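Listed below are the residues making up each chain.
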Amino acid sequence: MNVPAGVQIRCLRSIDDREIQGLSDVLIDCVEGGASVSFMLPMSRAKAEAFWRSTAASAARGERMVLAAEDASGAIVGTVQVIWAQPENQPHRGDLAKMLVHRRARRRGIGAMLLAAAERSAQEAGKTLLVLDTASDDAERLYERGGWQRVGVIPNYALWPAGGFCATTYYFKPLRA
Ligand SMILES: CC(C)(COP(=O)(O)OP(=O)(O)OC[C@H]1O[C@@H](n2cnc3c(N)ncnc32)[C@H](O)[C@@H]1OP(=O)(O)O)[C@@H](O)C(=O)NCCC(=O)NCCS
């Protein structure tokens, strides 16, 4: 993998105010750029901060892992999550969620770096199956390059940030035990 210069991936075990701001910048930029990632326009800072504060609380309870990609200046330019909490009959599974890279940092391999780090962490945590869904063509190519298998498309699954239905595509990836 081509590692972008100066970019590091860090697991955010607790998420402080500076990190909430950096993660909010990335989320707002992605939604304003048209990504269907749970939010509608206008994407206010209050909505973004509330999302990351609730994500931080969930991570602190051990329900999920939040990774951040930081550039050479320490600014957060991307993020991804693995949700560990699953029903008791699926302890081996994790869900990959909220893969987000700021538009100014895209097409440099940061998405691929985040994906590889999330998979590695899931494997180290003993997970043997990851699942995700996406409405983004860019993300589909990223996951397929990473060896994820496409399951199928659900039409009219969600809305684009500006309105109008969008489909979602499900993927899975088995991890070696
Ligand atoms: C999907 C997303 C995370 C990809 O992030 P990214 O950092 O741009 O991903 P990468 O840089 O690893 O790969 C993107 C492209 O850049 C190319 N690339 C990677 N490094 C490169 C480099 N050094 N020079 C030129 N191109 C490069 C990759 O080959 C890939 O090409 P492709 O789009 O033609 O397939 C990003 O587009 C995004 O945040 N989208 C909005 C949010 C979203 O929809 N997320 C998905 C939710 S599931």
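Keep in mind it's a predicted model, so treat the numbers as computed, not measured. (Residues numbered from 1 in each chain as written. Predicted model: local features only at pLDDT ≥ 70, side-chain atom pairs only at ≥ 80, totals over all residues. Heavy atoms only, no water.)

Engineer: What is the right way to read the site of the ligand from this model?
Structural biologist: Every one of the 21 residues lining the ligand counts as a neighbour, but Met-99, Val-101, Gly-109, Arg-141 and Arg-145 are closest to it. At 2.9 Å, a backbone N or O of Arg-107 approaches an oxygen atom of the ligand. Here an oxygen atom of the ligand sits 3.0 Å away from a polar atom, N or O, in the main chain of Ala-112. Burial of the ligand by the protein chains amounts to 76% of its free accessible area of 960 Å². Those elements giving two or more residues to the shell around the ligand turn out to be strand S4 (93-101), helix H3 (110-124), strand S5 (129-134) and helix H4 (137-145). Looking at the shell around the ligand element by element, the count peaks at six residues for H4. Grouping the constituent residues of the shell around the ligand by class yields ten nonpolar, four polar and seven charged. (Near = heavy atom within 4 Å. Polar contact = N/O pair within 3.5 Å; in protein donor to acceptor, adjacent residues only side chain to side chain. Areas by Shrake-Rupley, 256 points an atom, 1.4 Å probe, with all protein chains shown as cover. Helix = DSSP H or I, 4+ residues; strand = E, 2+ residues; numbered from the N terminus. Nonpolar A, V, L, I, M, F, W, Y, C, P; charged D, E, K, R; others polar.)

Engineer: I would appreciate a short explanation of the pattern of salt bridges in the present structure.
Structural biologist: Side chains that carry opposite charge are capable of pairing whenever their charged atoms lie near each other. According to the stated counting rule, one finds 13 salt bridges in the structure shown. We note a salt bridge from Asp-17 to Arg-53, for which the minimum N-O separation is 3.2 Å. Here the residue Asp-17 occupies a position in helix H1 (residues 17-32), and Arg-53 occupies one in helix H2 (residues 45-60), the gap between them amounting to 36 residues. Take Arg-53: its relative accessible area is 40%, and that puts it in the partly exposed class. Here Arg-61 makes a salt bridge to Glu-63, at a shortest N to O gap of 2.8 Å. (Salt bridge = Lys/Arg side-chain N within 4 Å of Asp/Glu carboxyl O. Buried < 20%, exposed > 50% of the residue type's maximum accessible area, 1.4 Å probe, protein only.)

Engineer: What exactly am I supposed to notice about the state of the cysteines here?
Structural biologist: Going through the model one piece at a time under the given rule, you end up with zero disulfides. With no disulfide partner, Cys-11 has as its closest neighbouring cysteine sulfur the one in Cys-30, 20 Å distant. For Cys-11, a relative accessible area of 26% puts it in the partly exposed group. Here Cys-166 is not disulfide-linked; the sulfur of Cys-30 is the nearest cysteine sulfur, at 15 Å. (Disulfide = S-S within 2.5 Å.)

Engineer: What should I look at first to understand the sheet that holds S4 in this one?
Structural biologist: Ordered in space as S1-S2-S3-S4-S5-S7-S6, the seven strands form an open sheet in which the pairing is mixed. Taken across any chain shown, the strands that pair with only one partner, and hence form the sheet edges, are strand S1 (8-11) and strand S6 (149-159). Averaged over all pairs of adjacent strands, the angle between strand axes in this sheet comes to 25 degrees, irrespective of strand direction. Pairing analysis gives seven bridges linking S6 to strand S7 (residues 165-174), with the strands arranged antiparallel. Bridging from a neighbouring strand, Arg-150 pairs with Tyr-171 of S7. Here H3 sits on the sheet and contacts S1, strand S2 (64-70), strand S3 (76-83), S4, S5 and S7; the angle it forms with S4, its principal contact strand, is near 160 degrees. With respect to the sheet, H4 is in contact with S4, S5, S6 and S7, its orientation differing from that of S5 by roughly 160 degrees. (Pairing = 2+ DSSP bridges. Axes fitted to C-alpha atoms, helices over the stretch in contact; angles between N-to-C directions. Contact = heavy atoms within 4.5 Å.)

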